[in-house]
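Single-letter residue listing:
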Amino acid sequence: MASGPAVRLEARAVTMRLGDVLALDGVDLAFEGRVRIALLGANGAGKSVLLRTLHGLMKPTTGEVAWSGEAPPPHGQAMVFQRPVLLRRSALGNVEYALAVNGVRDGERATQAAEALARVRLSHVATRSARTLSGGEQQRLAIARAWALRPRMLFLDEPTSNLDPTAAGEIERLMGEVHEAGTALVFSTHHLGLARRAADEIVFLHRGRVAERTPADLFFRSPRSPEAASYLQGELP
């Protein structure tokens, strides 16, 4: 369980160029405490690039991402990708490896990894090769691997993409449990139902810029920006 003072994350005038493409254009955001933030926007709006930049996988072309408070990166945050990157190890071995590279001692790794698998209801596949699991099981394993690090903030990129309704519902339930355990969530999604249920605030991106940041109930009832209104009406891809 995450404990202690919350981290504060700020993106300050973040711009990201990928070749000739301006993927992020002067993004200013701040997240603090046990927030639940959904990133929405059309394809190419910059959601995944923003998540990777906040996580530290990508360095901004200009601007900066700054953390303050207790447990700054790398130990204070983790990320779950749209397509889980799993090692050629067992489900348990994948979690143990993540703990090892984050400095958890030998004697504690097996116990913490087993606890993480139990939290996501995967104890029964602990010895199976991670790459033979179903898509939903792989995503749950990725969440277990991240959750085992007890992050203060968890980034998730399209966590229910390409999953059937049952598997997607399980991932949504796990997101709720992670949050209840004290972890802030920042996630991208195209599933408006997930954003309605699992987010307190919506950050809507359009062409690499933050078009609006609004409480979730207000966003779906009365979006402030014309781009968000068009998106909700299905007029943006």
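Residues numbered from 1 in each chain as written. Predicted model: local features only at pLDDT ≥ 70, side-chain atom pairs only at ≥ 80, totals over all residues. Heavy atoms only, no water.

1. Re the sheet that holds strand β2 (residues 21-32)
Rules: Only strands that DSSP links by at least two bridges are regarded as paired with each other. Put simply, DSSP H or I for four residues or longer makes a helix, DSSP E for two residues or longer makes a strand, and each gets a number counted from the N terminus. Between N-to-C directions, angles cover 0 to 180 degrees, with each direction set by a line fitted to C-alpha atoms, over the stretch in contact for helices.
The 3 strands lie next to each other as β2-β1-β4, forming an open sheet whose pairing is antiparallel. Each having just a single partner strand, β2 and β4 (62-68) make up the two edges of the open sheet. Going across the sheet, the axis of each strand differs from the next one's by a mean of 15°, ignoring polarity. For strand β1 (residues 8-18) and β2, the ladder comprises 8 bridges, and the chain directions are antiparallel.

2. Points about the environment of alanine 216
Definition in use: Think of it in three bands: with a 1.4 Å probe and only protein chains considered, a residue is buried below 20% of the maximum accessible area for its type, exposed above 50%, and partly exposed in between. Throughout, a residue-residue contact means that at least one pair of heavy atoms, one from each residue, lies within 4.5 Å.
Along the chain, alanine 216 turns up in helix α7 (residues 216-221). With a relative accessible area of 4%, alanine 216 lands in the buried category. Taking the C-alpha atoms as reference, alanine 216 lies 19 Å from leucine 51; in sequence the two are 165 residues apart. If near-sequence neighbours (up to four positions away) are discounted, alanine 216 is found in contact with Ala199, Asp200, Glu201 and Ile202.

3. What to know about the nonpolar core
Considering soluble globular proteins, one finds that nonpolar side chains tend to be buried as a cluster. To be explicit about the condition: For this analysis, a nonpolar core means a set of buried residues of the types Ala, Val, Leu, Ile, Met, Phe, Trp, Tyr and Cys, connected via side-chain atoms within 4.5 Å.
Core analysis: the biggest nonpolar cluster contains 48 residues, and Leu141 and Ile202 have the highest contact counts within it. Other than its neighbours up to four places away in sequence, leucine 141 contacts Leu86, Ala91, Asn94, Val95, Leu117, Leu122, Ala130 and Leu133. Residues Leu9, Val49, Leu54 and Val186 belong to the second largest nonpolar core, which totals 25 residues.

4. Observations regarding the pairing of strand β6 (residues 153-157)
Regular strands place their side chains on alternate faces of the sheet. Threshold: The definition of a right-handed crossover adopted here requires that, viewed with the strands pointing away, the path from the first strand over the helix to the second runs clockwise.
With 5 of its 5 residues buried, β6 lies for the most part within the structure. Of the two faces of β6, both are covered, the one formed by Met153, Phe155 and Asp157 as well as the one formed by Leu154 and Leu156. Across 4 bridges, the pairing between strand β5 (residues 77-80) and β6 is parallel. Bridge pairing links glutamine 77 to methionine 153 in β6. Note that β6 and strand β7 (residues 184-188) share 5 bridges and pair parallel. Looking across to β7, one finds that aspartate 157 is bridged to serine 188. Crossover connection from β6 via helix α5 (residues 165-180) to parallel β7: handedness right-handed.

5. A few points about α5
Note the cut-off: Here, expected helix span is obtained from the residue count minus one, scaled by 1.5 Å. Identification of polar contacts relies on pairs of N or O atoms within 3.5 Å, with a donor-acceptor requirement for protein atoms, meaning one able to donate a hydrogen and the other able to accept it, and with residues adjacent in sequence counted only if both atoms are side-chain atoms.
If you check α5, its first and last C-alpha atoms are 23 Å apart, about what 16 residues at 1.5 Å a residue would give, namely 22 Å. Restricting attention to buried positions, one finds in α5 the residues Ala167, Ala168, Glu170, Ile171, Leu174, Met175, Val178 and His179. Where α5 is buried, its residues touch β3 (36-40), α3 (106-119), α4 (135-147), β6, β7 and α6 (192-198). Between the side-chain oxygen at the start of α5 and the backbone nitrogen of threonine 166 there is a gap of 3.0 Å, and the oxygen is on aspartate 164. In the stretch just after α5, glycine 182 is the one whose phi turns positive, near 115°.

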